[in-house]
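Architecture and fold: a report
Okay, here's what each chain looks like letter by letter:
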Amino acid sequence: MYLCPSLVILLTAASEFMNLYVITVALFNNHPFLTTTETTTTEMPTTTETTPRMCFAEIVSISTAVSSDPCTDYNTIDDYWRDIRQNPYQDYGHDDRLVEWNGWYRLYLNGESAQMSEWCVSYMGCGGYTGLYLNGSHPGLEDGVVTRDVVGSHIWYYDQCGSYRSNPVQVKACPGDYYVYELITPDVSLEGPSYCAVSFSSTSDDPCYNYESLDRPWRATNESGLWICDEFFSWSGWYRLYYYGMNIQMPETCVNGYSCNADSGLWLNGPHPQIEDGVVTREVCGGYYWGGGCCDFKSKPIRVKACPGNYFVYELVNPQYWCLGYCTDVSTISQTDFITTPAFITGSSIILIDPCSIYNILDDYWRSTLNYMYLYGYITGHDDTRVKWDGWYRLFINGSSAQMPDWCVSYISCGGFSSLWLGGSHPGVEDGVVTREVYGSHYDQCSHYTSNPIQVKACPGHYYVYKLTSPNVAIPLPSYCAGTFILLQ
């Protein structure tokens, strides 16, 4: 049998790039187009014969499966509606059974690197009717390509976590802290299945030293009676939790319905991390007073980190539906590591600079006394304990001069939950700086709360200035009120 030299060269080169080749060579004699000379040496005298022969190669099968790394050879998906943190009812009706999946994919959300969710969220559709997520953790770099089961929850049913099963997918962790997925068509029996994605912001700055203090005693597990809904908050970043200045942490066990001054209190479905664990992600559970279960539904997952000094920080996010509230566990209260410094003693209350000419402007339309009812009202969720008050303020409403009300403002939110008003009349110009009590209303109870007193001064030109300070942290979502309809003296 004779194999063409050119063919040998071709196959040698091909073998460097292909994992497998199978070749069959058929040899035909006396072909007029190819004549070869073959010399055979034996014990007999050497003879030379010239025979017309043809070498013919038929490639039966060649596998071109190139072992490329999916970490560098992937498709991209950037669909905002796949986000588990989106309102599930804003954009739904997508169906991943209709997609022609082909190969490996890297996920993005609005240009930010994302990953498939490995946490259930009740009522999660991710743009479809059945939100699909990994039933297991993501692999590490050392694990290579792994296979993960895929399960789902339905957009209309809160207790259906993991009740739906789709086809498994392959996953790989890549250098650069991202993942790729070999996505395939979901189980055709599912209603509107859609792969879910979640993105987490970069933690280049250590959240143990870059957080907002959240001292909210009314979030404690032994508090109830109010319906303060965290979906009205503007959550952004990391938070450290306090209870009247002392450390406190989220509960890790069941919380009864109506606890923590919310319709449903939220708690961590998993233990707090250790310092060596770094930033971890935890599921968040909630229960109904009528549900009878510990974890009747699951809210959006949050990130948690343990910090030196025996405290934790939490990346809280908007629960987005119903009246849910993050709880704090009174059994975990501990002293802080604060270093108390002596207070400055001024020895005098004399004001060297007239606040009528040097003041800050506070023009928030939602502080209006016309903004009724936190629960059913217009603008809500503001909290003046989060404001860094500094000095004197003059109030405006949409550019018009305003003042704090000096009578009860029941059933008025003024942008928060508890509306704050002066517990005494405004002074006259001749009175100079005076101090007034500040009260907070609770539904129809006018002076249900007592806040910290503030200083007030009447100014020439018929307006007032106020030395506003942080309200009492025991008051749920306090907000200073303002009105433009009051006749000035």
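Rules behind the numbers
- Residues numbered from 1 in each chain as written.
- Predicted model: local features only at pLDDT ≥ 70, side-chain atom pairs only at ≥ 80, totals over all residues.
- Heavy atoms only, no water.
- Core = buried A, V, L, I, M, F, W, Y, C linked by side-chain atoms within 4.5 Å.
- Buried < 20%, exposed > 50% of the residue type's maximum accessible area, 1.4 Å probe, protein only.
- Helix = DSSP H or I, 4+ residues; strand = E, 2+ residues; numbered from the N terminus.
- Contact = heavy atoms within 4.5 Å.
- Pairing = 2+ DSSP bridges.
- Axes fitted to C-alpha atoms, helices over the stretch in contact; angles between N-to-C directions.
- Phe/Tyr/Trp six-rings, centres within 6.5 Å; stacked < 30°, edge-to-face > 60°.
- Lys NZ or Arg CZ within 6 Å of the ring centre and 35° of its normal.
- pLDDT = per-residue confidence, 0-100.

Another aspect to go through is the nonpolar core. Core analysis: the largest hydrophobic core is formed by 63 residues, its most contacted members being Ile302, Tyr314, Leu316, Tyr326, Ile454, Tyr466 and Leu468. No other element matches strand E21 (residues 297-307), which puts four residues into this core. Not counting chain neighbours up to four residues away, the residues in contact with Leu316 comprise Leu214, Trp235, Gly237, Tyr239, Met250, Ile302 and Tyr326. In this structure, Val171, Tyr179, Leu183 and Leu190 belong to the second largest nonpolar core, which totals 20 residues.

Phi is positive for Asn110, close to 55 degrees, though the residue is something other than glycine. Residue position: Asn110 is located in the loop between strand E5 (105-109) and strand E6 (112-113). The class of Asn110 is exposed, set by a relative accessible area of 60%.

Here we have four strands laid out as an open sheet, ordered E31-E30-E28-E34, and mixed in their pairing. With one partner strand each, in any of the chains shown, strand E31 (445-450) and strand E34 (478-480) form the two edges of the open sheet. The average undirected angle you get between the axes of adjacent strands in this sheet is 45 degrees. Bridge count for strand E30 (residues 438-442) against E31 is three bridges, and the pairing is antiparallel.

This next bit is on the packing of aromatic side chains. Going through the model one piece at a time under the given rule, you end up with 16 aromatic pairs. Where Trp389 meets Tyr480, the ring centres are 5.6 Å apart and the plane angle is 80 degrees; that geometry is what we call edge-to-face. On the criterion of sequence distance, the pair formed by Trp389 in the loop between strand E25 (360-363) and strand E26 (393-397) and Tyr480 in strand E34 is long-range, its members being 91 residues apart. For Tyr480, a relative accessible area of 2% translates into the label buried. These aromatic residues form a ring-pair network of at least three members: Phe233, Trp235, Tyr239 and Tyr326. Positioned above the aromatic ring of Tyr178, the side-chain terminus of Arg106 is 3.7 Å from the ring centre. Against the face of Phe233 rests Arg219, its NZ or CZ located 5.3 Å from the ring centre.

When pLDDT is averaged along the protein chain, the result is 81, and 78% of the positions lie at 70 or above. When pLDDT is averaged over each element of the protein chain, strand E12 (residues 169-174) comes out on top at 98 and strand E1 (residues 20-29) at the bottom at 35. Scored below 50 in pLDDT, residues 1-66 shows 67 contacts in the model against residues more than four places distant or in partner chains. In the predicted structure, residues 374-378 sits below a pLDDT of 50 and forms 17 contacts with residues beyond four places in sequence or in another chain.

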